[in-house]
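Here is what each chain is made of, one letter per residue.
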Amino acid sequence: MNTVKKIISKMAQTVASSGGDLARPFTVAVEGNVGSGKTTFLQHFNKNQNVAVLAEPIDMWRNCSSYNLLELMYQDPKKWSFTFQSYVQLTMLRQHQRKTRQPIKLMERSLYSARYCFVEKLCRDGLMAKPSMEVIDQWFNYVTKLEDTQLDLIVYLRTSPEVAFERILKRNRSEERTVAFEYIRDLHDIHEAWLYNKTLHKCKAPVIVLNADLDQSVIEEEYMKFEPHILNKIPLEVKSL
(Lines give C-alpha, C1' and ligand atoms only; values in the text may rest on other atoms or scores of the structure.)
Protein backbone atom coordinates (compact mmCIF):
# COMPACT_ATOMS: atom_id res chain seq x y z
CA MET A 1 0.00 0.00 0.00
CA ASN A 2 2.86 2.39 0.78
CA THR A 3 4.30 1.73 -2.67
CA VAL A 4 0.97 2.65 -4.28
CA LYS A 5 0.74 5.87 -2.22
CA LYS A 6 4.25 6.88 -3.27
CA ILE A 7 3.42 6.30 -6.95
CA ILE A 8 0.23 8.38 -6.75
CA SER A 9 2.08 11.14 -4.89
CA LYS A 10 4.81 11.23 -7.55
CA MET A 11 2.20 11.39 -10.29
CA ALA A 12 0.46 14.34 -8.65
CA GLN A 13 3.78 16.18 -8.34
CA THR A 14 4.51 15.55 -12.02
CA VAL A 15 1.15 16.98 -13.08
CA ALA A 16 1.56 20.00 -10.84
CA SER A 17 5.06 20.79 -12.13
CA SER A 18 4.24 20.57 -15.85
CA GLY A 19 4.98 23.59 -18.00
CA GLY A 20 8.02 25.40 -19.34
CA ASP A 21 8.94 27.93 -21.99
CA LEU A 22 9.76 25.54 -24.83
CA ALA A 23 7.17 25.03 -27.55
CA ARG A 24 5.60 21.59 -27.69
CA PRO A 25 7.40 19.56 -30.37
CA PHE A 26 5.71 17.61 -33.15
CA THR A 27 5.08 14.47 -31.14
CA VAL A 28 5.00 10.99 -32.65
CA ALA A 29 4.09 7.85 -30.71
CA VAL A 30 5.71 4.68 -32.06
CA GLU A 31 3.30 1.88 -31.23
CA GLY A 32 3.26 -1.86 -31.74
CA ASN A 33 3.22 -5.24 -30.09
CA VAL A 34 6.04 -6.58 -27.95
CA GLY A 35 8.74 -7.55 -30.46
CA SER A 36 7.46 -5.31 -33.26
CA GLY A 37 10.82 -3.60 -33.85
CA LYS A 38 10.35 -0.28 -32.08
CA THR A 39 14.00 -0.09 -31.01
CA THR A 40 15.23 -0.56 -34.59
CA PHE A 41 12.81 2.11 -35.80
CA LEU A 42 13.95 4.61 -33.18
CA GLN A 43 17.62 3.93 -33.88
CA HIS A 44 17.04 4.81 -37.53
CA PHE A 45 15.50 8.21 -36.72
CA ASN A 46 17.89 8.94 -33.87
CA LYS A 47 20.48 9.82 -36.54
CA ASN A 48 18.49 12.96 -37.41
CA GLN A 49 19.56 16.02 -35.41
CA ASN A 50 16.02 17.43 -35.48
CA VAL A 51 14.59 14.37 -33.70
CA ALA A 52 14.53 13.68 -29.96
CA VAL A 53 14.08 9.95 -29.33
CA LEU A 54 12.56 8.88 -26.04
CA ALA A 55 12.87 5.15 -25.48
CA GLU A 56 10.36 3.31 -23.35
CA PRO A 57 11.49 3.78 -19.71
CA ILE A 58 12.06 0.08 -19.08
CA ASP A 59 15.04 0.74 -16.80
CA MET A 60 12.77 2.71 -14.48
CA TRP A 61 10.26 -0.16 -14.43
CA ARG A 62 13.10 -2.50 -13.52
CA ASN A 63 14.31 -0.27 -10.72
CA CYS A 64 11.64 1.63 -8.81
CA SER A 65 13.58 2.25 -5.60
CA SER A 66 15.27 -1.14 -6.17
CA TYR A 67 12.01 -2.96 -7.01
CA ASN A 68 11.83 -4.64 -10.41
CA LEU A 69 8.16 -3.91 -11.09
CA LEU A 70 8.38 -5.35 -14.60
CA GLU A 71 9.56 -8.70 -13.27
CA LEU A 72 6.98 -8.69 -10.49
CA MET A 73 4.27 -7.98 -13.04
CA TYR A 74 5.24 -10.93 -15.23
CA GLN A 75 5.57 -13.23 -12.18
CA ASP A 76 2.20 -12.39 -10.61
CA PRO A 77 0.10 -10.04 -12.77
CA LYS A 78 -3.00 -10.32 -10.62
CA LYS A 79 -1.11 -9.09 -7.57
CA TRP A 80 1.06 -6.44 -9.24
CA SER A 81 -0.94 -5.18 -12.23
CA PHE A 82 -2.25 -2.05 -10.52
CA THR A 83 1.11 -1.10 -9.01
CA PHE A 84 2.93 -1.68 -12.29
CA GLN A 85 0.43 0.11 -14.52
CA SER A 86 0.26 3.04 -12.11
CA TYR A 87 4.01 3.43 -12.43
CA VAL A 88 3.87 2.97 -16.20
CA GLN A 89 1.32 5.78 -16.36
CA LEU A 90 3.55 8.03 -14.28
CA THR A 91 6.71 7.34 -16.29
CA MET A 92 4.91 7.73 -19.63
CA LEU A 93 3.42 11.02 -18.45
CA ARG A 94 6.95 12.23 -17.78
CA GLN A 95 7.91 11.21 -21.32
CA HIS A 96 5.04 13.19 -22.78
CA GLN A 97 5.93 16.24 -20.72
CA ARG A 98 9.68 16.11 -21.25
CA LYS A 99 10.91 19.27 -22.94
CA THR A 100 13.17 18.93 -25.97
CA ARG A 101 15.25 21.33 -28.03
CA GLN A 102 14.51 19.37 -31.18
CA PRO A 103 11.30 20.19 -33.08
CA ILE A 104 10.29 16.50 -33.39
CA LYS A 105 9.84 14.04 -30.55
CA LEU A 106 9.57 10.28 -31.16
CA MET A 107 8.21 8.37 -28.19
CA GLU A 108 8.38 4.62 -27.82
CA ARG A 109 4.76 3.93 -26.90
CA SER A 110 2.58 6.41 -25.00
CA LEU A 111 -0.01 6.92 -22.30
CA TYR A 112 -2.60 5.80 -24.83
CA SER A 113 -1.21 2.36 -25.62
CA ALA A 114 -0.57 1.78 -21.91
CA ARG A 115 -4.29 2.21 -21.30
CA TYR A 116 -5.83 1.07 -24.58
CA CYS A 117 -3.70 -2.06 -25.06
CA PHE A 118 -1.99 -3.27 -21.90
CA VAL A 119 -4.54 -2.25 -19.28
CA GLU A 120 -7.23 -3.40 -21.70
CA LYS A 121 -5.62 -6.84 -21.80
CA LEU A 122 -5.39 -7.02 -17.99
CA CYS A 123 -9.04 -6.06 -17.72
CA ARG A 124 -10.14 -8.70 -20.24
CA ASP A 125 -8.16 -11.36 -18.42
CA GLY A 126 -9.60 -10.42 -15.03
CA LEU A 127 -6.13 -9.56 -13.69
CA MET A 128 -7.00 -6.05 -12.53
CA ALA A 129 -9.80 -5.42 -10.04
CA LYS A 130 -12.54 -3.04 -11.12
CA PRO A 131 -11.80 -0.45 -8.39
CA SER A 132 -8.13 -0.43 -9.48
CA MET A 133 -9.23 -0.04 -13.09
CA GLU A 134 -11.36 2.94 -12.11
CA VAL A 135 -8.39 4.65 -10.44
CA ILE A 136 -6.23 4.07 -13.54
CA ASP A 137 -8.99 5.46 -15.76
CA GLN A 138 -9.59 8.57 -13.69
CA TRP A 139 -5.88 9.43 -13.76
CA PHE A 140 -5.74 8.65 -17.49
CA ASN A 141 -8.76 10.82 -18.31
CA TYR A 142 -7.29 13.68 -16.30
CA VAL A 143 -3.75 13.70 -17.66
CA THR A 144 -4.71 13.12 -21.31
CA LYS A 145 -6.61 16.41 -21.29
CA LEU A 146 -3.33 18.24 -20.75
CA GLU A 147 -1.91 19.91 -23.86
CA ASP A 148 1.54 18.37 -23.52
CA THR A 149 0.15 14.83 -23.58
CA GLN A 150 -1.38 15.27 -27.03
CA LEU A 151 -0.05 13.39 -30.07
CA ASP A 152 0.40 14.65 -33.60
CA LEU A 153 1.02 11.29 -35.26
CA ILE A 154 0.98 7.59 -34.44
CA VAL A 155 3.26 5.12 -36.22
CA TYR A 156 1.94 1.58 -35.94
CA LEU A 157 4.64 -1.03 -36.48
CA ARG A 158 2.35 -3.83 -37.62
CA THR A 159 3.67 -7.34 -37.15
CA SER A 160 2.15 -10.77 -37.20
CA PRO A 161 2.09 -12.33 -33.72
CA GLU A 162 4.26 -15.19 -34.99
CA VAL A 163 7.07 -12.85 -36.06
CA ALA A 164 6.80 -10.81 -32.84
CA PHE A 165 7.01 -13.93 -30.68
CA GLU A 166 10.03 -15.25 -32.58
CA ARG A 167 11.85 -11.96 -31.97
CA ILE A 168 11.02 -12.10 -28.26
CA LEU A 169 12.55 -15.56 -28.02
CA LYS A 170 15.69 -14.39 -29.81
CA ARG A 171 16.33 -11.36 -27.62
CA ASN A 172 15.81 -13.46 -24.47
CA ARG A 173 15.03 -10.76 -21.91
CA SER A 174 14.86 -12.31 -18.46
CA GLU A 175 11.47 -10.79 -17.61
CA GLU A 176 9.94 -12.08 -20.85
CA ARG A 177 10.86 -15.76 -20.47
CA THR A 178 7.39 -16.61 -19.19
CA VAL A 179 5.54 -14.77 -21.98
CA ALA A 180 3.28 -17.15 -23.89
CA PHE A 181 2.45 -16.93 -27.58
CA GLU A 182 -1.24 -16.55 -26.68
CA TYR A 183 -0.42 -13.32 -24.80
CA ILE A 184 1.33 -11.87 -27.86
CA ARG A 185 -1.52 -12.99 -30.11
CA ASP A 186 -4.09 -11.31 -27.90
CA LEU A 187 -2.03 -8.09 -27.71
CA HIS A 188 -1.81 -8.15 -31.50
CA ASP A 189 -5.59 -8.35 -31.76
CA ILE A 190 -6.00 -5.39 -29.42
CA HIS A 191 -3.49 -3.27 -31.36
CA GLU A 192 -5.27 -4.20 -34.59
CA ALA A 193 -8.65 -3.18 -33.19
CA TRP A 194 -7.28 0.15 -31.92
CA LEU A 195 -4.93 1.29 -34.69
CA TYR A 196 -5.79 -0.71 -37.83
CA ASN A 197 -9.50 -1.50 -37.78
CA LYS A 198 -10.26 1.39 -35.39
CA THR A 199 -13.05 -0.44 -33.61
CA LEU A 200 -11.61 -0.09 -30.08
CA HIS A 201 -11.19 3.23 -28.28
CA LYS A 202 -10.25 6.37 -30.22
CA CYS A 203 -7.16 7.21 -32.24
CA LYS A 204 -5.90 10.50 -30.85
CA ALA A 205 -3.90 11.32 -33.99
CA PRO A 206 -3.51 10.27 -37.64
CA VAL A 207 -2.05 6.76 -37.98
CA ILE A 208 0.70 5.50 -40.31
CA VAL A 209 0.83 1.71 -40.64
CA LEU A 210 4.22 0.16 -41.47
CA ASN A 211 4.93 -3.43 -42.42
CA ALA A 212 7.21 -4.32 -39.52
CA ASP A 213 7.39 -8.02 -40.44
CA LEU A 214 10.12 -7.11 -42.93
CA ASP A 215 13.66 -8.27 -42.23
CA GLN A 216 16.02 -5.76 -40.67
CA SER A 217 18.08 -5.71 -43.89
CA VAL A 218 15.21 -4.09 -45.82
CA ILE A 219 13.07 -2.46 -43.14
CA GLU A 220 14.72 0.95 -43.62
CA GLU A 221 13.17 1.16 -47.07
CA GLU A 222 9.77 0.94 -45.38
CA TYR A 223 10.77 3.73 -42.98
CA MET A 224 11.85 5.95 -45.86
CA LYS A 225 8.42 5.75 -47.51
CA PHE A 226 6.88 7.59 -44.60
CA GLU A 227 9.82 9.69 -43.42
CA PRO A 228 8.42 13.00 -44.79
CA HIS A 229 5.30 12.53 -42.67
CA ILE A 230 7.20 11.39 -39.59
CA LEU A 231 9.54 14.39 -39.85
CA ASN A 232 6.55 16.71 -40.30
CA LYS A 233 7.56 17.80 -43.80
CA ILE A 234 4.33 16.61 -45.43
CA PRO A 235 1.09 16.69 -43.42
CA LEU A 236 -0.77 13.41 -43.18
CA GLU A 237 -4.49 13.24 -43.75
CA VAL A 238 -6.50 12.09 -40.76
CA LYS A 239 -6.85 8.50 -41.89
CA SER A 240 -4.88 5.29 -41.79
CA LEU A 241 -2.54 4.61 -44.73
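Residues numbered from 1 in each chain as written. Predicted model: local features only at pLDDT ≥ 70, side-chain atom pairs only at ≥ 80, totals over all residues. Heavy atoms only, no water.

Under an unreviewed UniProt entry, the name given to the protein is Deoxynucleoside kinase domain-containing protein, and the organism recorded is Phyllotreta striolata. What UniProt states about the protein under its Sequence similarities (unreviewed entry) heading is, verbatim, "Belongs to the DCK/DGK family." (UniProt positions renumbered as here; feature names shortened; annotations may be inferred.)

With that out of the way, let us pick up the overall build of the protein. If you tally the helices and strands in the protein, you get 10 helices and five strands. Per-residue burial over the protein gives 51% buried out of 241 residues. A sequence separation of at least 24 residues applies to 77% of the contacts in the protein between residues at least 6 apart. On the protein, roughly 12,100 Å² of surface is accessible, and the fraction owed to carbon and sulfur atoms is 49%. (Helix = DSSP H or I, 4+ residues; strand = E, 2+ residues; numbered from the N terminus. Buried < 20%, exposed > 50% of the residue type's maximum accessible area, 1.4 Å probe, protein only. Contact = heavy atoms within 4.5 Å. Areas by Shrake-Rupley, 256 points an atom, 1.4 Å probe, with all protein chains shown as cover.)

A separate point is unusual backbone geometry. The backbone of Ser 66 shows a phi angle near 80°, a positive value even though the residue is not glycine. Look at Asn 172: it is not a glycine, yet its phi comes out positive at around 55°. Structurally, Asn 172 can be placed in the loop between helix H8 (161–171) and helix H9 (181–196). Judged by relative accessible area, Asn 172 falls into the partly exposed class, the value being 45%.

All right, on to the side chain of Asn 68 then. Along the chain, Asn 68 falls in the loop between helix H3 (58–62) and helix H4 (69–75). Looking at Asn 68, its side chain comes within polar contact range of the main-chain nitrogen of Leu 70, at 3.3 Å. Leave out the neighbours within four places in its chain, and Asn 68 touches Trp 61, Arg 62 and Glu 175. (Polar contact = N/O pair within 3.5 Å; in protein donor to acceptor, adjacent residues only side chain to side chain.)

This paragraph deals with the nonpolar core. By size, the foremost hydrophobic cluster in this structure holds 48 residues, and its most contacted members are Trp 61, Phe 84, Ile 154, Ile 184 and Trp 194. In terms of residue count, helix H6 (residues 111–124) provides more of this core than any other element does, eight residues in total. Grouped together as the second largest cluster of nonpolar side chains are 21 residues, Phe 45, Ile 219, Tyr 223 and Leu 236 included. (Core = buried A, V, L, I, M, F, W, Y, C linked by side-chain atoms within 4.5 Å.)

Bringing the packing of aromatic side chains into the picture now. Applying the stated criterion across every chain yields a total of 10 aromatic pairs. Centre to centre, the rings of Tyr 116 and Phe 140 are 5.5 Å apart; their planes meet at 70°, and the pair counts as edge-to-face. With Tyr 116 in helix H6 and Phe 140 in helix H7 (residues 130–143), the pair connects residues that are 24 residues apart, well separated along the chain. An identical accessibility class is assigned to Tyr 116 and Phe 140; each is buried. Arg 158 extends its terminal NZ or CZ atom over the ring of Tyr 196, reaching a point 3.7 Å from the ring centre. (Phe/Tyr/Trp six-rings, centres within 6.5 Å; stacked < 30°, edge-to-face > 60°. Lys NZ or Arg CZ within 6 Å of the ring centre and 35° of its normal.)

Counted according to the given criterion, the structure contains three cavities of 30 Å³ or more. Roughly 50 Å³ of volume is contained in the largest cavity. Arg 24, Pro 25, Thr 27, His 96, Gln 97, Arg 98, Lys 99, Lys 105 and Asp 148 are the residues that line the largest cavity. Looking at the lining of the largest cavity residue by residue, the classes come out as one nonpolar, three polar and five charged. (1 Å grid on protein atoms, 1.4 Å probe; cavity = no way out; pocket = protein on both sides within 12 Å on 5 of 7 lines; lining within 4 Å. Points joined across faces, edges and corners; volume = space filled by probe spheres on them. Nonpolar A, V, L, I, M, F, W, Y, C, P; charged D, E, K, R; others polar.)

The sheet built from five strands is open, its strands ordered S2-S3-S1-S4-S5 with parallel pairing. Sheet topology places strand S2 (51–54) and strand S5 (207–211) at the edges, where each strand pairs with a single neighbour. Strand-to-strand twist of the sheet, defined as the mean angle between neighbouring strand axes without regard to direction, takes the value 20°. Of the strand pairs in this sheet, S2 and strand S3 (residues 104–108) are connected by four bridges, and their pairing is parallel. Residue pairing in the sheet places Ala 52 in a bridge with Lys 105 of S3. With respect to the sheet, helix H10 (residues 219–230) is in contact with strand S1 (26–32), S3, strand S4 (153–158) and S5, its orientation differing from that of S5 by roughly 165°. (Pairing = 2+ DSSP bridges. Axes fitted to C-alpha atoms, helices over the stretch in contact; angles between N-to-C directions.)

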